[in-house]
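What follows is each chain in one-letter form.
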Number of protein chains: 2
Amino acid sequence: MFDYKLLSALAAVTEQAGFERAAQVLGLSQSAVSQRIKLLEARVGQPVLVRATPPVPTEIGRRLLNHVQQVRLLERDLQGQVPALDEEGMPQRLRIALNADSLATWWAAAVGDFCTARGVLLDLVVEDQDVGLKRMRAGEVAACVCGSERPVAGARSLPLGAMRYLALASPGFVERHFPDGFVAGQLAQTPALVYGPDDLLQHRYLAELGIEGGFLHHLCPSSEGFLRMAEHGLGWGLVPALQARTQLASGTLVQLLPERWIDVPLYWHHWRHGGQLLSDLTDHLARQAARWLVA
Amino acid sequence: MFDYKLLSALAAVTEQAGFERAAQVLGLSQSAVSQRIKLLEARVGQPVLVRATPPVPTEIGRRLLNHVQQVRLLERDLQGQVPALDEEGMPQRLRIALNADSLATWWAAAVGDFCTARGVLLDLVVEDQDVGLKRMRAGEVAACVCGSERPVAGARSLPLGAMRYLALASPGFVERHFPDGFVAGQLAQTPALVYGPDDLLQHRYLAELGIEGGFLHHLCPSSEGFLRMAEHGLGWGLVPALQARTQLASGTLVQLLPERWIDVPLYWHHWRHGGQLLSDLTDHLARQAARWLVA
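Cut-offs and rules
Residues numbered from 1 in each chain as written. Chains lettered and ligands numbered in written order. Predicted model: local features only at pLDDT ≥ 70, side-chain atom pairs only at ≥ 80, totals over all residues. Heavy atoms only, no water. UniProt positions renumbered as here; feature names shortened; annotations may be inferred. Helix = DSSP H or I, 4+ residues; strand = E, 2+ residues; numbered from the N terminus. Least-squares fit on C-alpha atoms with pLDDT ≥ 70 in both. Contact = heavy atoms within 4.5 Å. Buried < 20%, exposed > 50% of the residue type's maximum accessible area, 1.4 Å probe, protein only. Arc of directions from axis to C-beta. pLDDT = per-residue confidence, 0-100. Salt bridge = Lys/Arg side-chain N within 4 Å of Asp/Glu carboxyl O. Phe/Tyr/Trp six-rings, centres within 6.5 Å; stacked < 30°, edge-to-face > 60°. Pairing = 2+ DSSP bridges. Buried area = accessible area lost by both parts, 1.4 Å probe. Nonpolar A, V, L, I, M, F, W, Y, C, P; charged D, E, K, R; others polar.

Going by an unreviewed UniProt entry, chain A carries the name HTH-type transcriptional regulator ArgP and comes from Pseudomonas eucalypticola. UniProt lists a comment for chain A under the heading Sequence similarities (unreviewed entry), and it reads "Belongs to the LysR transcriptional regulatory family." Recorded under Subunit (unreviewed entry), the UniProt text for chain A is reproduced unchanged: "Homodimer."

What follows is the structure, encoded as structure tokens:
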């Protein structure tokens, strides 16, 4: 069998984004971790990590990590069946990547009872919906919620439904920029809110209104900060309908064009041989997601 | 004078975290950006970037970036005085690093009117309060809100006040884990919420209760997600009092120990020669921050 001491070192360095922190987590010296990685590289005959800040797995390193992730999930099952194996008696952990807007809205409501009932601890990783799959491919997470349907090798994807995004701004913002009523053509000269360089929702919205090219915008890489900036009149932006219920009800945010929204489909990606716990969580999400996401 | 075409290329590669995106922003080919970096390195006689993913500035690279940041701030002033210089007629941009909890709570309320009145667009970068200063030192941001008082060379720090964090959980969570009343000693066996590996607030809280060592926890690197997870009974955690007002009022979250909280002081770091706009924003924050932060 593989030497899992070496593979665990690789997983720790990648997951903790550095040798120093990996050593802390493993309870080893940094040079011991370094030795294990070198030994692993000697065994596989090629580098498994690019020594950058943070260290990045090579192609072969990614395949090894993917394998570690799957073995961990299988170990979890076995611990459930043979409790004595679980030396530390610790609750089970699931490492999951998801987009910030899911985490800010429906995620906790959907999984709260499941995690409590099954004693699961979550290690959540926030990734843009378009890049979360990279974490799966790298074997760093057991599952991910993201915007692409196509599963990575060894995994399955389940459609959860779509998040509906509404173009919102404060009434003061609308009054200031559109005193004579909303004019779509002026939207490019009106400050928008953009989550980050990978967020193209506002671009899509403008393109659908026939507006191409650049537009004024703030960058705000925080789901909650985005909402706060909209409320305080800094810009207009596409906000999950789920997140703005209170604001829409109280009128602190209003829709720019009530008949025009963007639905972003979300998929649950999980390892095919991910064990019973992951499979149960998948079934749970399949039943629950429709309470928050649109069909 | 320096060749600012070359320095802008360095700034773009660092700020955009890659050559490809830097090229897009600069409207150049990727090889042109690469050429500019190489030319800059030939001029200064040493590497300015470590070619990692993402590229990381070297010590000399950081000093150059710091200089670029300060020149940009001075240019902004000049554009205000000589509007014709501002070729594109674009609003002014300020790039600011701040902690996620500030962005999720008081930030937009504090700066909204200022940015609207002065036509400022914000490029916000979310950094843990203990690491935001690295962005200043690297010359990547004009200012930052963070937890350390000591300014970097060329900058000043202004105390803004402190964010108060309360240890909160849902009533169901408290009932489930402490059916016979709260017992501090049992807290380590009760799932906590931790924002990420750099978040030591829960550790501090436990240490102040005399509990040392590890404790059960979820990892949730999202300010809003953290609150959602507490509301849905996944764990207890330290939440900004500002963020949980509604939940405390409605009783969906309760304090574990009403007389025990943690105050985290925040400082505004800004370049000393950062120009009039940054200096006005600093004065504005000095007057406003006390509305949200405690003395």
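Trainee: What is the right way to look at the UniProt feature "domain: HTH lysR-type" (unreviewed entry) in chain A in this model?
Mentor: UniProt tags residues 2-58 of chain A as "domain: HTH lysR-type" (unreviewed entry). The annotated region residues 2-58 of chain A carries 61% helix and 7% strand content, and the separation between its end C-alpha atoms amounts to 18 Å.

Trainee: Please explain the relation of the copies chain B and chain A as it appears in this structure.
Mentor: Superposition of the two copies of the chain requires a rotation about an axis and a shift along the axis. For the pair chain B and chain A, the best superposition has an RMSD of 0.1 Å and corresponds to a rotation of 180° with a translation of 0.0 Å parallel to the axis. Put plainly, the chains are arranged around a two-fold axis. The fraction of interface residues of chain B whose copies in chain A are also interface residues reaches 100%, indicating that both copies meet through the same surface.

Trainee: Is there a simple way to explain helix H9 (residues 201-208) of chain B in this structure?
Mentor: Think of an α-helix as 3.6 residues a turn; residues three or four steps apart then line up on the same face. Residues and elements named next belong to chain B. Residues Leu201, Gln202, Tyr205 and Leu206 constitute the buried set of H9. Viewed end-on, H9 has its buried residues packed into an arc of 135°, placing them on one side of the element. Looking one or two places after H9, you find Gly210, whose phi comes out positive at around 85°.

Trainee: Any chance you could explain the confidence of the model for chain A here in plain terms?
Mentor: The predicted model of chain A averages 87 in pLDDT, with 94% of residues at 70 or higher. A low-confidence stretch, residues 85-89 of chain A (pLDDT under 50), is modelled with 3 contacts involving residues beyond four sequence positions or located in other chains.

Trainee: Looking at this structure, how should I read the pattern of salt bridges?
Mentor: Any two side chains of opposite charge can pair if their charged atoms end up close together. Counted by the stated rule, this structure contains 20 salt bridges over all chains. Residues Asp263 of chain B and Arg164 of chain B are paired through a salt bridge, measuring 2.8 Å at the closest nitrogen-oxygen approach. Linking Asp263 of chain B in strand E11 (residues 261-271) with Arg164 of chain B in strand E6 (residues 155-169), this pair joins segments that are 99 residues apart in sequence. Assessed through its relative accessible area of 27%, Arg164 of chain B is described here as partly exposed. Between Glu224 of chain B and Arg228 of chain B there is a salt bridge, and its shortest N-O distance comes to 2.4 Å. Of this pair, Glu224 of chain B and Arg228 of chain B both sit in helix H10 (residues 223-231), 4 residues apart, which is roughly one turn of the helix. Using a relative accessible area of 5% as the deciding quantity, one classes Glu224 of chain B as buried. Shared partners join several salt bridges into a network, and the residues in it are Glu59, Arg62 and Arg63 of chain A.

Trainee: I tried to follow the packing of aromatic side chains on my own but got confused; where do I start?
Mentor: Aromatic ring pairs are reported here in terms of the distance separating the ring centres and the angle at which the planes meet. Residue and element names in this part refer to chain A. Applying the stated criterion across every chain, the model contains 8 aromatic pairs over all chains. Seen from their ring centres, Tyr205 and Trp236 are 5.8 Å apart, and the 45° between their planes marks the pair as tilted. Highlighted residues: Tyr205 in helix H9 (residues 201-208) and Trp236 in the loop between helix H10 (223-231) and strand E9 (237-240), separated in sequence by 31 residues. The pair Tyr205 / Trp236 is uniform in exposure class, with both members buried. Taken together through their ring pairs, the aromatic side chains of Trp106, Trp107 and Trp268 make up a single cluster.

Trainee: Explain the pairing of strand E4 (residues 120-126) of chain B to me, please; I cannot follow it from the model alone.
Mentor: It is a general feature of regular strands that their side chains alternate between the two faces of the sheet. Residue and element names in this part refer to chain B. For E4, a buried count of 6 out of 7 residues is recorded, marking the element as mostly surrounded by other parts of the structure. Sheet topology note: the strand E3 (residues 92-98)/E4 ladder contains 7 bridges and is parallel. Bridge pairing in E4 links Gln92 to Val120.

Trainee: Is there a simple way to explain the environment of Gly275 of chain B in this structure?
Mentor: Topologically, Gly275 of chain B is positioned in helix H12 (residues 275-288). Separated by 200 residues in sequence, Gly275 of chain B and Glu75 of chain B have C-alpha atoms that sit 8.2 Å apart.

Trainee: Would you take a moment to explain the interface of chain B and chain A for this structure?
Mentor: Interfaces are frequently sized by the accessible area removed from exposure as the parts join. Contact with chain B, which involves 42 residues of that partner, is made by 42 residues of chain A. Taken together, both faces of the contact between chain B and chain A bury some 3,300 Å²; the carbon and sulfur share is 66%. Three residues, Leu219, Glu224 and Leu234 of chain B, lead the burial of chain B against chain A; their summed loss comes to 14% of the area buried on that side. Put simply, chain B and chain A have 0 salt bridges between them. Broken down by secondary-structure element, the contributors of at least two residues to the side of chain B that touches chain A are helix H5 (100-104), helix H6 (107-118), E4, strand E8 (217-219) and H10 of chain B. At 7 residues, the largest contribution of residues to the side of chain B that touches chain A is made by E4 of chain B. A class-by-class count of the residues in the side of chain B that touches chain A yields 24 nonpolar, 11 polar and 7 charged.

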